[in-house]
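# Structural description and commentary
Read off the chains here:
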Amino acid sequence: MVKVEALIRPQRVDEVKAALDEIGISGMTITEVRGTGKQKGYTQHYRGAEYTVNLLQKVKIETVISDTDVEKVVAAIVGAARTGEIGDGKIFLSPIIDAVRIRTEERAENAL
Amino acid sequence: MVKVEALIRPQRVDEVKAALDEIGISGMTITEVRGTGKQKGYTQHYRGAEYTVNLLQKVKIETVISDTDVEKVVAAIVGAARTGEIGDGKIFLSPIIDAVRIRTEERAENAL
Amino acid sequence: MVKVEALIRPQRVDEVKAALDEIGISGMTITEVRGTGKQKGYTQHYRGAEYTVNLLQKVKIETVISDTDVEKVVAAIVGAARTGEIGDGKIFLSPIIDAVRIRTEERAENAL
Amino acid sequence: MSSFGKIVVRIGSRQAMGWTLLITLLTFATAAFAQDAAAPAAAAAAEPAKPDTGDTAWILVSAALVLLMTPGLALFYGGMVRGKNVLNMLMQSFIAMSVITVIWITIGYSLAFAPGSPFLGGMDYVGLNGVGQETFTLNGTAITIPHQVFMFYQMMFAIITPALISGAIAERMKFSAYVLFIALWSLLAYMPMAHMVWGEGGYLFKLGALDFAGGTVVHILSGISALVLAIMLGKRRTERSEDLRPHNLPMTLVGTGLLWFGWFGFNAGSAIAAGGLAGNAFMVTHIAAAVAGLTWVLIEWIVLKQPTALGWATGAVAGLVAITPACGFVGPMAAIVIGAVVSLLSYGAIKMKGRFGYDDTLDVFGVHCVGGIWGALATGLFAQQSINAANTTGNGLFYGGGMTLLSKQAIGVVIALVLGAVMTVIIASILKAVMGIRATADEEDAGLDLTQHGEVGYAGPASGGEPIGAGHGASHGTPVLQPETAR
Amino acid sequence: MSSFGKIVVRIGSRQAMGWTLLITLLTFATAAFAQDAAAPAAAAAAEPAKPDTGDTAWILVSAALVLLMTPGLALFYGGMVRGKNVLNMLMQSFIAMSVITVIWITIGYSLAFAPGSPFLGGMDYVGLNGVGQETFTLNGTAITIPHQVFMFYQMMFAIITPALISGAIAERMKFSAYVLFIALWSLLAYMPMAHMVWGEGGYLFKLGALDFAGGTVVHILSGISALVLAIMLGKRRTERSEDLRPHNLPMTLVGTGLLWFGWFGFNAGSAIAAGGLAGNAFMVTHIAAAVAGLTWVLIEWIVLKQPTALGWATGAVAGLVAITPACGFVGPMAAIVIGAVVSLLSYGAIKMKGRFGYDDTLDVFGVHCVGGIWGALATGLFAQQSINAANTTGNGLFYGGGMTLLSKQAIGVVIALVLGAVMTVIIASILKAVMGIRATADEEDAGLDLTQHGEVGYAGPASGGEPIGAGHGASHGTPVLQPETAR
Amino acid sequence: MSSFGKIVVRIGSRQAMGWTLLITLLTFATAAFAQDAAAPAAAAAAEPAKPDTGDTAWILVSAALVLLMTPGLALFYGGMVRGKNVLNMLMQSFIAMSVITVIWITIGYSLAFAPGSPFLGGMDYVGLNGVGQETFTLNGTAITIPHQVFMFYQMMFAIITPALISGAIAERMKFSAYVLFIALWSLLAYMPMAHMVWGEGGYLFKLGALDFAGGTVVHILSGISALVLAIMLGKRRTERSEDLRPHNLPMTLVGTGLLWFGWFGFNAGSAIAAGGLAGNAFMVTHIAAAVAGLTWVLIEWIVLKQPTALGWATGAVAGLVAITPACGFVGPMAAIVIGAVVSLLSYGAIKMKGRFGYDDTLDVFGVHCVGGIWGALATGLFAQQSINAANTTGNGLFYGGGMTLLSKQAIGVVIALVLGAVMTVIIASILKAVMGIRATADEEDAGLDLTQHGEVGYAGPASGGEPIGAGHGASHGTPVLQPETAR
Ligand SMILES: Nc1ncnc2c1ncn2[C@@H]1O[C@H](COP(=O)(O)OP(=O)(O)O)[C@@H](O)[C@H]1O
Ligand SMILES: Nc1ncnc2c1ncn2[C@@H]1O[C@H](COP(=O)(O)OP(=O)(O)O)[C@@H](O)[C@H]1O
Ligand SMILES: Nc1ncnc2c1ncn2[C@@H]1O[C@H](COP(=O)(O)OP(=O)(O)O)[C@@H](O)[C@H]1O
């Protein structure tokens, strides 16, 4: 099994979710995060004093899938999350040793 | 070492924490997340307009443990987080290459 | 590739970010989390009733880097995040199979 | 007291016909509508005296101030519950503005203030019949403001009183049951109590018991009812896994500020004129609140080593409660004592809660009932006839008046306690049997906002957070161009 | 009506000179400054009658109350938008306090209230010339308060009216364009409408159309303008991926409370005296709001099975809107009907929005325009001369007055609708051509707070959260020593 | 000025006995209690004239409005700090409501207003002795409201003034030291200043310096003290790693709204009557605030390309500050100038802060001291005797009065600056030596809410968020059954 971890723009969450639904991936977990990379921050003024904001809001989508689905899922996410502008985000793939469904104690792929 | 990542109901956090304490696992990190899976959302109305909420609040508990503790930990989490209803959540296990305690620079299992 | 996951004090975020910038690591993702470990909580009173707070605020910094950078990055984080007091946090290293830059579909190290 | 016993029974039997009553209300309303056309004309004929513009201005303002106390209460309470119940907590106050208003103008004002028995008003003012723009006379006193102004000033008291109860039953009561409860409680507990204390020929008024702005009518009555209802409802499901701390204390502090502000209308407005007596009431109200807040903070400083914001707010409200019955009868130094003592008493009462094990969520009993009792009795200790000549009962115990006034005050306290407790048991029992009064365990866990109102208090990315995209005019990076396909 | 046609054209042609006008304003201001020195002296000479202290006190308070409605509106609206637009939403109200004040004291008050044509006031009061501390006469009525007090009481109405429009165009309008829009709209739509209804020799006043506190001037005019501007601006970019729910409903409820509170000044203050008429207005204002809130909640209980907090708030505001034109002319039972019906109408109107596809973000049309029309017509149905002798037009239809009053009310409604729509089209078209009125897609996505104001509403760790480190005096663990190097 | 020098020394020496003084207060209180019984009786004997109901109504309301400014200030400040310090910031205002009230009624009112030396009042009114329901005379003017009403109206000023200081020392001061500081500062700085300006036979009053509502007494005095205390306390530990932006600007904007609303009571109430003068003060207060807010926004539009919400709020408050001393003496066009100029001055002063390197957290010096000085001097420029006959000193410079008034105004400014600075140095030095005034580095890092009060402002899942579980009546999935074991 593989964990797909996508860091995307907050506005693209629903598009990505829909794209994953379409290819039969319905389990996922979403976290609000802040990120930095090629895309930089901006400056704000409060009573004239300058504050620089370096960390931009992103959303992390995590979904654990079976190895065979990886390319399909990556393609779906890229298709839905991409705007072509800097800041579109990244996808990271990492190995998952085992999974457990708490409700039933099913293990591995059955648990997804 | 293994990272145990459990996605559970928010109401079960303290139960799970207590169960882990009991078996000697005291280090853990908790994140508020939203998730979807078998359990679906609901609809709300604001001035008659319909809004669908698909992502439900979950909590992610992460704890890095030594390989030998894995089954013990999984059993503890399952025992404490389970209600038997859809939405109880999942546990994912993934490999950890190394760990560092920032304060002391201890590495690997000594750092846990 | 390796994912470096550091759990640090919220006050140290900028120091760590600066230290990573210095060694050429600019891509990272930051999450607000709560943690427990050696450092314990405290008690509060509301109208005399006692509430115990066990989970302390921490920040998780995640950055995916190439294998060769690992020790450099760990050293940078430790140097910037350390106060020497309990609660300084941990660094965990885990394997990354692949990475994708959504904007360009570059893969692996090129995507970082 | 035998006649009091009678009235309770009479009302009790009427209770069985709760639903009938509500329907009757609508009938009254219709009837009143017809009379409405005639009323002002008749009134114009009478026109006893032109209202005093200064007094009228002050009571108009006071009515607005008391109305504002209900949103103030909503915030005071709302900040203390968990975020998943904040809207329900707020709505329990706001809905009273709607429900009690309808009851008051159709029949409530008449039951409370019209001539009738010593225990309940008659039907003279049903549908506001005969309540016009002219001045009028109440219990022998010529009121210098329009009758309508007096009527709606009193309405604001009728609104906030049942809303006070909501603090005790927070986070677990069915909203539909709550709405019916406050409607019936208003009719069966508030109206008789208000009539006895302030109404034309009321029992406690004639007895000579003093309650300037509602220590018995408002605070004891709602406080005891809150306790009883909280016990009947049972404790919240507060498993140890949930963060039970107040979700937003700044909200509670704003609420405290608005309550304090509005309370000037509540207490000083009760002089029904803009003169020295209103001034005295205003002054002692402020002093008691200030001292009570300070005392609470000092207690915490000693006991917990840290003075809390919630403690100050709780003390301030307790001080406002305690001075309410006394404010038109006592002087500034009495106000200091009343304020200091109420914090000691309320702090103690709240501490006891743990021992008895009932779940009065936001301590309505400890603050309002205990504070109200102390205030009513303190009036019997500190009253000075030199401050208010309308007090013909006599000075308080500490000013040489002996036990006369104090014992009458005690009678008022007992009546309020008994009336509130009995009516609450009756109404809640009926509602429990008919429809259930408690949210299900599921609903409670998911939060009452979602399950009673289908809404959430706060939505969207963590409180608005940092929008993505580049700032305008000050960008450090490439601006995000949102392509057309993004629509 | 032909003369009305003329005035529109006259104003229309003046519009082309929008910028000229703004510059002219400054000239007026300067001129006025010179006159200013002389004014009070002259005034002192006249001094017709000493102001009544009670009436003055009440209107001073009322002015403050109406001013507070603007922050109240800001909160009411602010809670309903997304967190990324909250400051912009608030500022659209607050900036009106600045901009309209400058317009009002330089030229606006004169255009609205000074003698002039039936459609627009003249230049007598430019720069507050001749507006002094003495009492004065308006349309034949001796006003018992200082002229200046009347002037700034009316200013508060002029401030909140354009701010009402902001709800319809929320989350997408350029701030600079918004500021210019309300400035021009105030001059070209509000001033003539106010003059026709309330000004010295105004057309609708002379016609005998009734509008006690601004149903046409405030609500219909702003409501129709809001709709037109929302259509001209286009829909928001509401991709399905965003959480569009109100970001903070407690904020909206506090706003509702402040609006209700302030509305007493708005409606009862419009009696310009503290007497029976103010009392009547206050009473029916409260009743209509209460009943409308209740009705809305009941509709939802039936339709959605759940009464929402936002529904109650919306109903309450709709009730306040509807009673505004009627409050000095109708009695309490009419207020019940007006309140109940307005919620049905507004609920229906908002439901229709989906069908027509315009994006009136916060339903200004559904609440203010629909509510205002109903209120204006309801005045023609329920007015009773016995309540207000100043109503010389006659009783409403249901009180035997026939169609006379009702038809005059309808004329007022039509004028407000036409004037608002036409002026909005003209002003918005010019601004669109000259500078653009809509934020860019990028700006909208990133949020107007960041892009129009360079700020965010909420910053820092999730709402303050749990600070790290050990608590004082109650630590369970080793205290965190922050070494010197941490500085 | 030599006599002024003396008074400072006299007070200075008294300072060394700070603790003695506090104990003495309690003694006074006890003594007063005894006198209390007698007072009203004696008063009743005197009873010089019945209070005017309209004037009394207005000052009752004004007192309530000024009281509300303290919660307003709490919100204004509270929104600007970080979430971990919000409760401490709020409490620094709220606790003043308690502490200053106790001081005021025991000894403060007497020190400020009773006859005594030109620099400090005597002991006539200690424990409110002789302050009754009857009217009275102050500095030769017959006051038409009850003495008690005047007393507590002035109390509200005494409460908010020290609270203003808290903005400068936000996020780092020990709460216990803060409480003692404001108590002593109130006695040693505020009371003498108030006496000199407004008290019976006060030095500046007799000199003919004008300060209608407290430019010197309230704003300059607190502003300079704020600066001095901020410097003595040192800068915050603002490492670059923390988000220092205001945590909740909507809170700040609500606070601004409440301040503006309350300021009408502050300024127009200072006429101590409901007439033309109150109207003038109300009018110019509003105008100055409106123009100052607009000016600040325009400066930002030019300098930063973006008008900020915080900028508008800051400007509005600066305008309110600047008009405070002038509002009973100047006309509307002067108000425009005063408002426009104050924003330029305050904006500049805040910009300078960076250069001098002191940490006046929320710019109390830049807004209140600078604004107050400008307002005091502007009174000397724009005052017109035709507006207020009580101004016997003469017209301002721009209205032909020459330098007479202006120079007296300058004396007032200097006295306030010196008195505030000297007293702050003395009090803060003593407290520093005795107990320390600054929170530890640890406490500051962890936040003052947690470490000074043992509470957090916001708790629970991110602002209430989305409760788990299925919605009621509209579920798309299987409802969550919470098994019994979950209890
Ligand atoms: N090496 C990395 N490790 C972890 N997260 C990263 C890394 N690089 C980028 N990210 C995440 O991806 C987001 C987008 O990256 P960025 O470089 O700005 O745009 P792009 O991917 O289009 O080049 C960042 O805000 C951050 O959250
Ligand atoms: N494949 C997955 N990858 C990541 N997270 C998942 C996955 N499937 C489920 N989850 C998480 O687990 C939670 C519970 O899953 P759900 O399917 O609703 O219930 P159950 O596990 O009882 O069948 C989801 O809300 C989501 O946060
Ligand atoms: N085994 C673990 N797995 C995951 N997170 C951990 C683990 N141990 C500690 N942490 C995280 O690291 C933080 C600091 O750990 P703690 O033991 O308190 O201090 P120290 O690392 O200095 O001994 C914790 O609050 C928690 O977030």
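The structure under discussion appears in the preceding block.
Here's what I pulled together on the structure shown here. It should be emphasised that the depicted structure is a prediction, and the values quoted were computed from it without experimental measurement.

Moving on to the packing of helix H3 (residues 53–78) of chain E against helix H5 (residues 147–165) of chain E. Residues and elements named next belong to chain E. Put simply, H3 and H5 touch, their axes get as near as 8 Å, and they point 10 degrees apart. With respect to H5, the axis of H3 lies roughly parallel. Residues Ile-59, Leu-60, Ser-62, Ala-63, Val-66, Leu-67, Met-69, Thr-70, Leu-73 and Tyr-77 of H3 pack against Val-149, Phe-152, Tyr-153, Met-156, Phe-157, Ile-159, Ile-160, Ala-163 and Leu-164 of H5. By residue class, the composition of the contact of H3 with H5 is 17 nonpolar, 2 polar and no charged.

Taken together, 21 residues surround ligand 3, and among them Thr-29, Val-64, Arg-101 and Arg-103 of chain B together with Lys-38 of chain C come closest. Residues close to ligand 3 are split across chains B and C. One nitrogen or oxygen atom from the main chain of Gly-89 of chain C is found 3.3 Å from an oxygen atom belonging to ligand 3. Here ligand 3 loses 98% of its free accessible area of 560 Å² to cover by the protein chains. For the shell around ligand 3, the secondary-structure elements that each account for two or more residues are strand E2 (28–36) and strand E5 (56–65) of chain B together with strand E2 (28–36) and strand E6 (90–95) of chain C. Examining the composition of the shell around ligand 3, we find that 3 residues originate from one element, E5 of chain B, more than from any other. A per-class count over the shell around ligand 3 returns 5 nonpolar, 9 polar and 7 charged.

All right, on to the relation of the copies chain B and chain C then. What relates the pair of chain copies is a rotation about an axis plus a shift along that axis. With an RMSD of 0.0 Å, chain B superimposes on chain C once it is rotated by 120 degrees and translated 0.0 Å along the axis. Expressed as an axis order, the relation between the two copies is that of a three-fold axis. Minimal C-alpha separation from the rotation axis in chain B is found for Pro-95 of chain B, amounting to 4.2 Å. Little of the interface of chain B is mirrored in chain C, where only 9% of its interface residues again form contacts.

Taken residue by residue, the interface counts 23 residues in chain B and 34 residues in chain C. At the boundary of chain B with chain C, total buried surface from both sides reaches about 2,300 Å², with 58% on carbon and sulfur atoms. By the criterion of area lost to chain C, the three top residues of chain B are Val-100, Ile-102 and Arg-103 of chain B, representing 31% of everything that side buries. Our count for the chain B to chain C interface comes out at 4 salt bridges.

Cut-offs applied
- Residues numbered from 1 in each chain as written.
- Chains lettered and ligands numbered in written order.
- Predicted model: local features only at pLDDT ≥ 70, side-chain atom pairs only at ≥ 80, totals over all residues.
- Heavy atoms only, no water.
- Axes fitted to C-alpha atoms, helices over the stretch in contact; angles between N-to-C directions.
- Helix = DSSP H or I, 4+ residues; strand = E, 2+ residues; numbered from the N terminus.
- Parallel < 35°, antiparallel > 145°, perpendicular 65-115°, else oblique.
- Contact = heavy atoms within 4.5 Å.
- Nonpolar A, V, L, I, M, F, W, Y, C, P; charged D, E, K, R; others polar.
- Near = heavy atom within 4 Å.
- Polar contact = N/O pair within 3.5 Å; in protein donor to acceptor, adjacent residues only side chain to side chain.
- Areas by Shrake-Rupley, 256 points an atom, 1.4 Å probe, with all protein chains shown as cover.
- Least-squares fit on C-alpha atoms with pLDDT ≥ 70 in both.
- Buried area = accessible area lost by both parts, 1.4 Å probe.
- Salt bridge = Lys/Arg side-chain N within 4 Å of Asp/Glu carboxyl O.

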